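As a plain string of letters, each chain reads:
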Amino acid sequence: MKKQEKTFKFLEQFLPQNTFEKVAPFFRKHVVYLTLTHERKSVLGDYRSPTKEDPHHRISINATLNPYSFLITLLHELAHLETFIHFKDAVSPHGREWKTQFRHILIPFLGKRIFPADVEKALHAYLHNPAASTCTDPGLFKALYRYDERKPGYKLVDDIEINKFFATDDGRVYQKLEHLRTRARCKDTKTGRVYFFQGIVEVKAVRGR
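A brief report on the enclosed structure follows. (Residues numbered from 1 in each chain as written. Predicted model: local features only at pLDDT ≥ 70, side-chain atom pairs only at ≥ 80, totals over all residues. Heavy atoms only, no water.)

Right, let's talk about the sheet that holds strand β4 (residues 154-156) for a bit. Strand pairing in a sheet relies on backbone hydrogen bonds. The paired strands run either parallel or antiparallel. With antiparallel pairing, 6 strands are arranged side by side in an open sheet as β4-β9-β5-β6-β7-β8. With one partner strand each, in any of the chains shown, β4 and β8 (194-198) form the two edges of the open sheet. For this sheet, the mean inter-axis angle between neighbouring strands, taken without regard to orientation, is 50°. Where strand β6 (residues 173-179) meets strand β7 (residues 183-188), 5 bridges bridge the pair, whose relative direction is antiparallel. Looking at the pairing, H179 lines up with A184 of β7. Set on the sheet, helix α6 (residues 138-145) makes contact with β4 and β9 (202-206); between it and β4 the angle comes to about 155°. (Pairing = 2+ DSSP bridges. Helix = DSSP H or I, 4+ residues; strand = E, 2+ residues; numbered from the N terminus. Axes fitted to C-alpha atoms, helices over the stretch in contact; angles between N-to-C directions. Contact = heavy atoms within 4.5 Å.)

A complete count under the given rule lists 11 aromatic pairs for this structure. With centroids separated by 4.9 Å and ring planes inclined at 70°, the aromatic side chains of Y174 and F197 adopt a geometry described as edge-to-face. Separated by 23 residues along the polypeptide, Y174 in strand β6 and F197 in strand β8 bring together distant segments of the chain. Taking NZ or CZ as reference, K151 lies 4.4 Å from the ring centre of Y154, over its face. (Phe/Tyr/Trp six-rings, centres within 6.5 Å; stacked < 30°, edge-to-face > 60°. Lys NZ or Arg CZ within 6 Å of the ring centre and 35° of its normal.)

In structure tokens, the structure reads:
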């Protein structure tokens, strides 16, 4: 095994079973500086193109992602790498060219029993028009969320029942009043003011109110 392959072999522990060899060719072909972070919650991954000061491709990924999210995020960032190689900075970050590269990279992973059935179904829908982040696609986000390690009592706003209560990280408590297509109408129990929450926001269910 080449030295570079040994360096990136550690990726295997973060990926779904039997997928390392499918992503390894990208690291054999390109010099990529890969950083795993445990600090970011909202940013799943990031790609930085080579510069005069730092002439290497750089990718960072949130290491706390579940294996399926990790793989999708890695392929997302590798699509940025391939887009840069073909078009440099002449195209928009998530434009038609990136969408084409992402489809080209992801499709070989479909139909191989790599992803659970619900995630694969959501991926097929997502590929019609890939977004800048899986977090912006409710169907894919919720499918992947089922495989996250979560703290007890936490769930998505979409999964809170009507008239039940939940708390946000700042300690404020809300009552869910109405479920809309992508949001929920909720009332702050202290002030009585009404707010609209995205359905894919994670909150803590509150009992006994």
